[in-house]
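Examination of the molecular architecture
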Amino acid sequence: MEPSPTHRASFSIGNEAESKRVVDVLTEIFFEGDAAVAAFERPDGQWDVTLHFAEAPDQGLLRELVATSAGNEIAATLVFDTVEAKDWVRASLEDLVPVPAGRFVVHGSHDRDRVAPNKLRIEIEAALAFGTGHHGTTRGCLLLLDHVLKCARPRRVLDLGTGTGVLAIAAAKALHRAVLASDIDPPSVRVAAENATLNETGNHVRVIRATGFAAPDFGKAGPFDLVLANILANPLRLLATPMARHLAPGARVILSGLLTHQAPAVIAAYRARGLVPVRHLRIEGWSSLLLRKVG
C-alpha cells in the first residue's frame, strides 16, 4: 500500500538570522512529531522555510503563526502543497550537517563517516532539528557540559526533560557513569531510550517518564552533582525550588530553552534558592546558563 502524502507549508525569508529565529519560534510551538521544520539557503541568498505535517494543518492558524513570527508580508506568501510521505523526514535530516560542540559532535546516520575519530559522537535521528544539536539551546547545553567536564567529574547526573536523549547520551559517553533521564512525554521516553541504545550508552542511561521531580526515582538517584534541563523558561522557574532540594552541595546546573530576554527572571529564581550564575551563553537568540549551588 502506498504511503499517504504529507502536507507541506513553505515560505521564503530574507536572511539566515531571520530564518533561524522563525524556525526556532515555530519549532517551539509544535510538539515533536507534529511537524518537521527546516530552513535552507537558496542560491540567491534568500532562505526557504518549510513545515511538513502528517495531517493537513489549519491553514488560517498557521498563517497567523507565521505572521506573528515573521510578519504579515511573509505570511501572505505562505504556500501549501503535498509531498510523498517517505520524502519529508529524509529531506529534512540529510541537509543537516554534523554539529560540533566542544568535544561532542551530533550527527545523523548519513554523516557517520564525516565525524573525526577523536570526537565523542552522538548519533540522533529525529523529525525536527530541535533535539539533533542544530537548535541553539542544544548546542549551548553541550558547550556548557564540555566546560564543566574540564574541571569536574560529576558522579550523579540528571537530564531533566530529555527529549531525544542527546544530553544524557553526551554525559554518559564522557563520564562512563549512570545518568538518569526523564521526560513527561511517553514518545520522548521511548525515543531517548532507543537513542541511548543506538549510541551504546543504554547500560548507563536510564530513561523514566516523570513530571517535574515527582517520581521517587529522583530521591533514590540523587542528590545530583549535575543537572541538565533544556526545557522552557516558565517550567524552569517553577522547578527552581524542587531542583534545589535534589542537588548536592556545590552542584552544577545547566539550564536552557529560554529566549535571551527571559534569562534574568530564570537566574533570579535560582539565585533565590542558592544557585549563582557562572556562565551565560547566547546562541541565535537563545540563552544557556551554567549555575553553581553555593554550600
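Preceding this section is the structure that the text describes.
Attention here is on the structure that accompanies the text. Position numbers for residues start from 1 in each chain and track the written sequence from start to end. Side-chain atom pairs in this predicted model are given and counted only at pLDDT of 80 or more, local residue features only at pLDDT of at least 70, and totals for whole chains, interfaces and linings cover all residues. Heavy atoms throughout the structure, all of them, feed into the side-chain values; hydrogens and water do not.

1. Section: the sheet that holds strand E1 (residues 6-13)
In spatial order, the strands read E2-E3-E1-E4; together these four strands make up an open sheet with antiparallel pairing. Each edge of the sheet is formed by a strand with only one pairing partner; in this case those strands are strand E2 (36-41) and strand E4 (79-83). On average, each strand axis in the sheet is tilted by 25° relative to the strand beside it, whichever way the strands run. Two strands make a pair as long as DSSP finds a minimum of two bridges between them. Secondary structure counts use DSSP, requiring at least four H or I residues in a row for a helix and at least two E residues in a row for a strand, with both numbered from the N terminus. Only C-alpha atoms enter the line fits that serve as axes; for helices the fit covers just the stretch in contact. Angles between N-to-C directions range over 0 to 180 degrees.

2. Things to note about the side chain of Lys293
Here Lys293 shows up in strand E14 (residues 286-293). Note on classification: 1.4 Å probe, protein chains only; a residue is buried when its accessible area is under 20% of the maximum for its type, exposed when over 50%, partly exposed between these limits. Here Asp and Glu are counted as negative and Lys and Arg as positive; His is not counted, and neither are the chain ends. Only one rule defines a salt bridge in this text: a Lys or Arg side-chain nitrogen within 4 Å of an Asp or Glu carboxyl oxygen. Asp225 provides the closest opposite charge to the buried, unpaired Lys293, separated from it by 10 Å. Polar side-chain contacts of Lys293 include one of 3.3 Å to the backbone oxygen of Ala244. Ignoring sequence-local partners within four residues, the contact set of Lys293 consists of Ala244, Leu247, Ala248, Gly250, Ala251, Gly274 and Leu275. Within 3.5 Å is the distance limit for a polar contact, defined as a pair of N or O atoms, with the added protein rule that one can donate a hydrogen and the other accept it, and that residues adjacent in sequence qualify only through two side-chain atoms. Contact criterion: two residues are considered in contact whenever any of their non-hydrogen atoms come within 4.5 Å of each other.

3. A few points about the packing of helix H1 (residues 16-29) against helix H2 (residues 59-70)
Where H1 meets H2, the axes come as close as 9 Å, and the angle between the chain directions of the two elements is 135°. Considered as vectors, H1 and H2 are oriented oblique to each other. When the axes of H1 and H2 are compared, the crossing they make is right-handed. Listed contacts from H2 to Arg21, Val22, Val25, Leu26 and Ile29 of H1 are Leu65, Ser69 and Ala70. Amino acids are sorted into nonpolar (Ala, Val, Leu, Ile, Met, Phe, Trp, Tyr, Cys and Pro), charged (Asp, Glu, Lys and Arg) and polar (every other residue, Gly among them). Residues belonging to the contact of H1 with H2 are distributed by class as follows: six nonpolar, one polar and one charged. For classification purposes, angles smaller than 35 degrees are called roughly parallel, those larger than 145 roughly antiparallel, those between 65 and 115 roughly perpendicular, and all remaining angles oblique. Rotating anticlockwise by less than a right angle from the far helix to the near helix defines a left-handed crossing, while the corresponding clockwise rotation defines a right-handed one.

4. Digging into the nonpolar core
A general feature of soluble globular proteins is that nonpolar side chains tend to end up buried together. Residues belong to one nonpolar core when they are buried, are Ala, Val, Leu, Ile, Met, Phe, Trp, Tyr or Cys, and are joined through side-chain atoms within 4.5 Å. Within the largest apolar cluster, 34 residues are counted, with the highest numbers of intra-cluster contacts made by Phe104, Ile122, Leu142, Leu145, Val205 and Ile254. Secondary-structure elements contributing two or more residues to this core are strand E6 (104-107), helix H5 (136-149), helix H6 (166-175), strand E9 (179-183), helix H7 (186-198), strand E10 (205-209) and strand E11 (224-230). Ranked by residues supplied to this core, first place goes to H6 with nine residues.

5. Brief notes about the pairing of E6
Residues Phe104 and Val106 of E6 are buried on one face, and the alternating residues Val105 and His107, pointing to the opposite face, are buried as well. The sheet contact formed by strand E5 (residues 99-101) and E6 spans three bridges and is antiparallel. Within E6, the residue paired with Pro100 across the bridge is Val105. Counting the residues in the hairpin turn of E5 and E6 gives two residues, including Gly102, whose phi is positive at 65°. With four bridges joining them, E6 and strand E7 (residues 120-123) adopt parallel strand pairing. If you follow Phe104 over to E7, its bridge partner there is Leu120.

6. Side note on a nonpolar patch on the surface
Within the patch definition used here, like charges are joined within 9 Å and nonpolar side chains (Val, Leu, Ile, Met, Phe, Trp, Tyr) within 5 Å, considering only residues with over 30% relative accessible area and no salt bridge. Accessibility throughout is a Shrake-Rupley quantity obtained with a 1.4 Å probe, and a residue counts as covered only by protein chains that appear here. A surface patch of nonpolar side chains, about 240 Å² in accessible area, is lined by Val276, Val278 and Val294. As for its position among the elements, Val276 is in strand E13 (residues 275-283).

7. Considering the sheet that holds E5
Sheet strands pair by backbone hydrogen bonding; their relative direction is either parallel or antiparallel. Across the sheet, three strands lie side by side as E5-E6-E7; this open sheet has mixed pairing. Strands at the two margins of the open sheet, each flanked by one partner only, are E5 and E7. Looking at each pair of strands side by side, their axes are set apart by 25° on average, direction ignored.

8. Here's the deal with H2
In an α-helix there are 3.6 residues to a turn, and that puts residues three or four apart on one side. By definition here, a helix of n residues has an expected span of 1.5 Å times n minus one. The end-to-end C-alpha distance of H2 is 16 Å, a good match for the 16 Å that 12 residues give at a rise of 1.5 Å each. Residues Leu62, Val66, Ala67 and Ser69 constitute the buried set of H2. Buried residues along H2 sit against E1, H1, strand E3 (47-53), helix H3 (72-75) and E4. A distance of 3.1 Å separates the backbone nitrogen of Gly60 from a side-chain oxygen at the start of H2, and that oxygen is part of Asp58. In the stretch just after H2, Gly71 is the one whose phi turns positive, near 105°.

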